[in-house]
Amino acid sequence: MRYFLDCEFNGFDGPLISIALVPEAEIRPDFYAVLPCHRPRRWVADHVMPVLGAAPHPRADVVAALSAYLLLDPDPLIVADWPEDIAHAASLLAFQGRCLVPHVRFNLLNLPGFDAATASSLPHNALADARALRTEVLAREAHSGGAPA
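**Q** What exactly am I supposed to notice about the overall build of the protein chain here?
**A** A count of helical and extended segments in the protein chain gives five helices and five strands. Mapped in sequence order, the helices and strands of the protein chain form the string β-β-β-α-α-β-α-β-α-α. For a compact globule of 149 residues, the expected C-alpha radius of gyration is about 15 Å, and the protein chain comes in at 15 Å, within 12% of that figure. With the principal axes as the frame, the protein chain shows a C-alpha extent of 45 × 40 × 25 Å. Put simply, of all contacts in the protein chain between residues at least 6 apart along the chain, 65% involve residues at least 24 apart. Where the 11 positive side-chain charges of the protein chain centre and where its 17 negative ones centre are 4 Å apart.

Written as structure tokens, this is what we have:
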């Protein structure tokens, strides 16, 4: 199954703050986790921190929860529209150690005209942004007769 990914982080190339995976089929629950953010950059403090909507958890707990979530699917495909989101998700999986990493594939999409902050119901919240990404991709596929976005 495809999972639409969005992450928030403390500035470009900064530490991960939150991660969300929204499954293509609503038969699975969404995954959303927040990590501690020490000394957020001003923009992050103003725009990301107020909309997190969940308490932070230690990185090891987020890693374990993400791995457990993905292990429930034999062939997960994580779809993102920004390379740094993929880098953060892969970094969490690498933190587990090689023997505990679930099978997973990544797909980076180029979506001209799509902006998560504009399309999201709660801009800069990873869960709302991932839902907006899913909506956009599925709408483009429906418009193009099912061809991948």
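**Q** Honestly, the sheet that holds strand 1 (residues 2–9) in this entry has me stumped. Any pointers?
**A** Two modes of strand pairing occur in sheets, parallel and antiparallel, and in both the strands are linked by backbone hydrogen bonds. Read across the sheet, five strands follow the order 3-2-1-4-5 without closing on themselves; strand pairing throughout is mixed. Among the strands making up the open sheet, the edge pair consists of strand 3 (31–34) and strand 5 (105–108). Adjacent strand axes in the sheet meet at a mean angle of 25°, parallel and antiparallel pairs treated alike. Across four bridges, strand 4 (residues 77–80) lies against strand 5 in parallel orientation. Bridge assignment links Val79 to a residue of strand 5, and that residue is Asn107. The sheet strands contacting helix 3 (residues 83–95) are strand 1, strand 2 (16–23), strand 4 and strand 5, and the helix crosses strand 1 at an angle near 95°.

**Q** What is the right way to look at the pattern of salt bridges in this model?
**A** Where side chains of opposite charge bring their charged atoms close, a pairing between them can arise. All told, the structure shown has seven salt bridges when counted by the stated rule. Arg131 serves as the salt-bridge partner of Asp30, at 2.6 Å between the closest nitrogen and oxygen. One end of the pair, Asp30, is in the loop between strand 2 and strand 3; the other, Arg131, is in helix 5 (residues 126–143), with 101 residues separating them in the sequence. Relative accessible area serves as the criterion here: at 37%, Arg131 is assigned to the partly exposed category. Of the charged contacts, one joins Asp75 and Arg105 as a salt bridge, the two residues approaching to 3.3 Å between their closest N and O atoms.

**Q** Would you explain the side chain of Arg134 in this entry?
**A** Looking at the element boundaries, Arg134 is found in helix 5. Not counting residues up to four positions away in its chain, the partners in contact with Arg134 are Phe4, Val22, Pro23, Glu24 and Glu26.

**Q** What is the right way to read the pairing of strand 2 from this model?
**A** Where a strand is regular, its side chains alternate between the two sheet faces. Most of strand 2 is tucked away: eight of the eight residues are buried. Here strand 1 folds back onto strand 2 in antiparallel fashion, the turn holding six residues, of which Gly11 has a positive phi close to 85°. In this structure, strand 2 lies alongside strand 3, joined through four bridges in antiparallel fashion. Across the sheet, residue Ile19 finds its bridge partner in strand 3, namely Ala33.

**Q** Please explain helix 3 as it appears in this structure.
**A** Helix length check: helix 3 (13 residues) gives 19 Å between terminal C-alpha atoms against 18 Å at 1.5 Å per residue, within 8%. For helix 3, the complete set of buried residues consists of Glu84, Asp85, Ile86, His88, Ala89, Leu92 and Leu93. Where the residues of helix 3 are buried, they touch strand 1, strand 2, helix 2 (59–71), strand 4 and strand 5.

What counts and what doesn't
Residues numbered from 1 in each chain as written. Predicted model: local features only at pLDDT ≥ 70, side-chain atom pairs only at ≥ 80, totals over all residues. Heavy atoms only, no water. Helix = DSSP H or I, 4+ residues; strand = E, 2+ residues; numbered from the N terminus. Rg over C-alpha atoms; globule rule 2.2 N^0.38 Å. Contact = heavy atoms within 4.5 Å. Lys, Arg positive; Asp, Glu negative; His and termini not counted. Charge placed at Lys NZ, Arg CZ, Asp CG, Glu CD. Pairing = 2+ DSSP bridges. Axes fitted to C-alpha atoms, helices over the stretch in contact; angles between N-to-C directions. Salt bridge = Lys/Arg side-chain N within 4 Å of Asp/Glu carboxyl O. Buried < 20%, exposed > 50% of the residue type's maximum accessible area, 1.4 Å probe, protein only. Expected span 1.5 Å × (residues − 1).

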